[in-house]
Amino acid sequence: MSQRTLVILKPDAVRRGLIGEIIGRIERKAGWTIPAMELRTLDQETLETHYGEHKGKPFYEPLMGFMASGPVVVLVAEGERVIEGVRQLAGPTDPIAAAPGSIRGDFGTIVRENLIHASDSEESAERELKIFFPGLV
Ligand code: IDP
């Protein structure tokens, strides 16, 4: 079943020159495509809508600051089981716990600066795609 998921290459990935490396891993999965992609600096309102579920947690404010600290790449990935699949490519939230071979496992050390966001379910993907790509058909 073909799906769409929302992916954000976080400001650390852009600053460190890892855009090509990370997008390449998504592109190389057979049959997956990228129907929309843009480099943007996210504003507070967009970030609050996106990360609202974490409001009040100790890491929320630093996360907001980090996510607004520079441009990010927002993209839509499309294909068979792409929601679960990009989460697998990313690895778990904590890059030290993430296996080598995953994006976070290969390039990250800091929990907040973990390079990539990917929707975690069909419901999240639907909600997040509307936030970042409201005009997508
Ligand atoms: P996910 O991105 O792996 O789905 P979430 O639990 O949804 O993880 O958390 C959103 C983001 O908030 C994480 O990707 C990470 O950047 C940051 N974050 C989560 N937990 C912590 C923490 O304990 N300390 C610092 N930052 C955190």
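Counting starts from 1 at the beginning of each chain's written sequence and moves along it residue by residue. For this predicted model, a pLDDT threshold of at least 70 governs which residues receive local features, and a threshold of 80 or more governs which side-chain atom pairs are given and counted, while totals over whole chains, interfaces and linings are taken from all residues.

- An unreviewed UniProt entry annotates the protein as Nucleoside diphosphate kinase originating from Streptomyces melanogenes.
- UniProt positions are given in the numbering used here, feature names are shortened, and annotations may be inferred rather than shown by experiment. Heading Subunit (unreviewed entry) of the UniProt record for the protein holds this comment: "Homotetramer."

**Observations concerning the UniProt feature "binding site: ATP" (unreviewed entry) in the protein**
- Here the UniProt feature "binding site: ATP" (unreviewed entry) sits at K10, F59, R87, T93, R104 and N114.
- Exposed residues have 12 or fewer other C-beta atoms within 10 Å of their own C-beta, buried residues have 20 or more, and partly exposed residues fall in between, where C-beta atoms are placed from the backbone. Note on T93: 12 C-beta atoms within 10 Å, which makes it exposed.
- Non-local contacts of T93, meaning those with residues more than four positions away in its chain, are made with V111 and N114.
- For helices the rule is a DSSP run of H or I covering at least 4 residues; for strands it is a run of E covering at least 2, with both sets numbered from the N terminus onward. Its place among the elements puts N114 in the loop between α6 (103–107) and β4 (116–118). This entry defines residue contacts through backbone-placed C-beta atoms, with two residues in contact when those atoms are within 7 Å.

**A word on the UniProt feature "domain: Nucleoside diphosphate kinase-like" (unreviewed entry) in the protein**
- Feature annotation in UniProt assigns "domain: Nucleoside diphosphate kinase-like" (unreviewed entry) to the following positions: residues 2–137.
- As annotated, residues 2–137 has a helix share of 40% and a strand share of 21%, and its two end C-alpha atoms lie 15 Å apart.

**Digging into helix α7 (residues 122–132)**
- Within α7, the full set of buried residues consists of A125, E128 and F132. Projected down its long axis, α7 carries its buried residues within an arc of 75°, all on one side.
- Packed against the buried residues of α7 are β1 (2–9), α3 (44–51), β3 (72–80) and α5 (82–90). Within this analysis, the arc is defined by the directions that extend from the helix axis to the C-beta atoms.

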